[in-house]
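# Geometric and topological summary
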Amino acid sequence: AAGVIQSPRHLIKEKRETATLKCYPIPRHDTVYWYQQGPGQDPQFLISFYEKMQSDKGSIPDRFSAQQFSDYHSELNMSSLELGDSALYFCASSLGGQGDEQYFGPGTRLTVT
Amino acid sequence: GQQVMQIPQYQHVQEGEDFTTYCNSSTTLSNIQWYKQRPGGHPVFLIQLVKSGEVKKQKRLTFQFGEAKKNSSLHITATQTTDVGTYFCAVSRANNLFFGTGTRLTVIP
């Protein structure tokens, strides 16, 4: 069965640079979520999209933005990167919104040096 | 915001021993989900509980939702080395999930 695809899997950037993470949800899933997980931490919700519209917003810094495109893939854009942005970034998708199980991608490991 | 406390933070067990992790909330929950994350992996959905007092089983795993819908537990009977990982409870609110702090399980062969 198709799973959530994330690219790249690993990314190394320097401080103040920008990064773009991509997420391709499971086919026919209409909701995409982004999470940030620091070392030894639980995943922290950043933002979600339902049918290409932003549906909920969590602890996403103003330096970050995201969108969902017509083909339902989503991109997380991160600017003015800081050392503290180093983390695993997970994308998840679901069919429907609230209360539905979420399927997580393998994650993108971002390292800011 | 939604605060969900999970205990214990770490648990080391001998293979074959049982394991339980608890999730507690100060407010009534509409539902609770459980996820497992293997070391270096991504969270994988295990189950969702919705009804007060609900109990669900998956092989050696037993999930419970409290009568007041403020707490939940995951119990593993006779742990195996494949059970290693971090177990998270998560609360669904709007279009997001609030994760508990997780319990990292180590199984000693």
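Below is a short write-up of the structure. (Residues numbered from 1 in each chain as written. Chains lettered and ligands numbered in written order. Predicted model: local features only at pLDDT ≥ 70, side-chain atom pairs only at ≥ 80, totals over all residues. Heavy atoms only, no water.)

## Comments concerning the interface of chain B and chain A
Just so we agree on the cut-off: Contact between two residues is taken to exist if any of their heavy atoms lie within 4.5 Å; hydrogens are not considered. When two components associate, each loses some accessible surface as probed by a 1.4 Å sphere; the sum of these losses over both components is called the buried area. Under this definition, polar contacts are N or O atom pairs within 3.5 Å; protein pairs additionally need one hydrogen-donor-capable and one acceptor-capable atom, and for neighbouring residues in sequence, both atoms have to be side-chain atoms. Ten residue types, Ala, Val, Leu, Ile, Met, Phe, Trp, Tyr, Cys and Pro, are classed as nonpolar, four, Asp, Glu, Lys and Arg, as charged, and the remainder, Gly among them, as polar.
Taken together, the 20 residues of chain B in the interface contact 22 residues of chain A. Summed over both sides, the interface of chain B with chain A buries roughly 1600 Å², with 51% coming from carbon and sulfur. Of all residues in chain B, H42, N95 and F99 of chain B bury the most surface against chain A, accounting for 33% of the area lost on that side. At the junction of chain B with chain A, the criterion picks out four residue pairs in polar contact (both at pLDDT 80 or more). Class assignment for the residues of the side of chain B that touches chain A results in seven nonpolar, 11 polar and two charged.

## A look at the packing of aromatic side chains
Where we set the bar: Each aromatic pair joins two rings of Phe, Tyr and Trp (for Trp, the six-membered one) with centres within 6.5 Å, and gets the label stacked for planes under 30 degrees apart, edge-to-face for over 60, and tilted for any other angle. In this text, helices come from DSSP runs of H or I with a minimum length of four residues, and strands from runs of E with a minimum of two, each type numbered from the N-terminal end. Burial classes follow relative accessibility: with a 1.4 Å probe on protein chains only, a residue under 20% of its type's maximum area counts as buried, one over 50% as exposed, and anything between as partly exposed.
Throughout the structure, instances matching the rule amount to 11 aromatic pairs over all chains. Ring geometry for F90 of chain A against F104 of chain A: centres 6.1 Å apart, planes inclined by 80°, an arrangement best described as edge-to-face. Here F90 of chain A is found in strand β9 (residues 87-94), whereas its partner F104 of chain A is found in strand β10 (residues 103-104), with 14 residues between them in sequence. Note on accessibility: F90 of chain A and F104 of chain A belong to one class, buried. Pairwise contacts between aromatic rings join Y35, F45, F90 and F104 of chain A together with Y35, F45, F88 and F99 of chain B into one cluster.

## Brief notes about the environment of L46 of chain B
All names here are of chain B. Looking at the secondary structure, you find L46 in strand β5 (residues 43-49). By relative accessible area, which is 17% here, L46 ends up buried. Linking L46 and I32, residues 14 residues apart in sequence, is a C-alpha distance of 11 Å. Setting aside anything within four residues of it in sequence, one finds L46 in contact with W34, Y35, K36, Q58, L61, F63 and Y87.

## As for the pairing of strand β3 (residues 19-24) of chain A
Regular strands place side chains that alternate from one sheet face to the opposite one. Residues and elements named next belong to chain A. Put simply, the test is: Two strands pair under a simple rule: DSSP has to find at least two bridges between them.
Here β3 shows a buried face lined by A19, L21 and C23 and an unburied face lined by T20, K22 and Y24. Of the strand pairs in this sheet, strand β1 (residues 5-7) and β3 are connected by three bridges, and their pairing is antiparallel. When the sheet's bridge partners are listed, Q6 is paired in β3 with C23. Across five bridges, the pairing between β3 and strand β8 (residues 74-78) is antiparallel. Residue pairing across strands places A19 opposite M78, the latter belonging to β8.

## Quick word on the pattern of salt bridges
Stated precisely, the cut-off is as follows: Each reported salt bridge corresponds to a side-chain nitrogen of Lys or Arg within 4 Å of a carboxyl oxygen of Asp or Glu.
Enumeration over the complete set of coordinates arrives at five salt bridges over all chains. Among the ionic pairs, D85 of chain A bridges to R63 of chain A, the shortest N-O distance being 2.9 Å. Taken together, the residues D85 of chain A in the loop between β8 and β9 and R63 of chain A in the loop between β6 (53-57) and β7 (64-68) connect sequence positions 22 residues apart. The closest approach of N and O atoms between R60 of chain B and D83 of chain B, which form a salt bridge, is 2.9 Å. In this pair, R60 of chain B is assigned in the loop between β6 (55-58) and β7 (61-65) and D83 of chain B in the loop between β8 (71-76) and β9 (85-93), connecting sequence segments 23 residues apart. Members of the salt-bridge network, linked through shared partners, are R63, E82 and D85 of chain A.

Coordinates in, geometry out; function isn't part of it.
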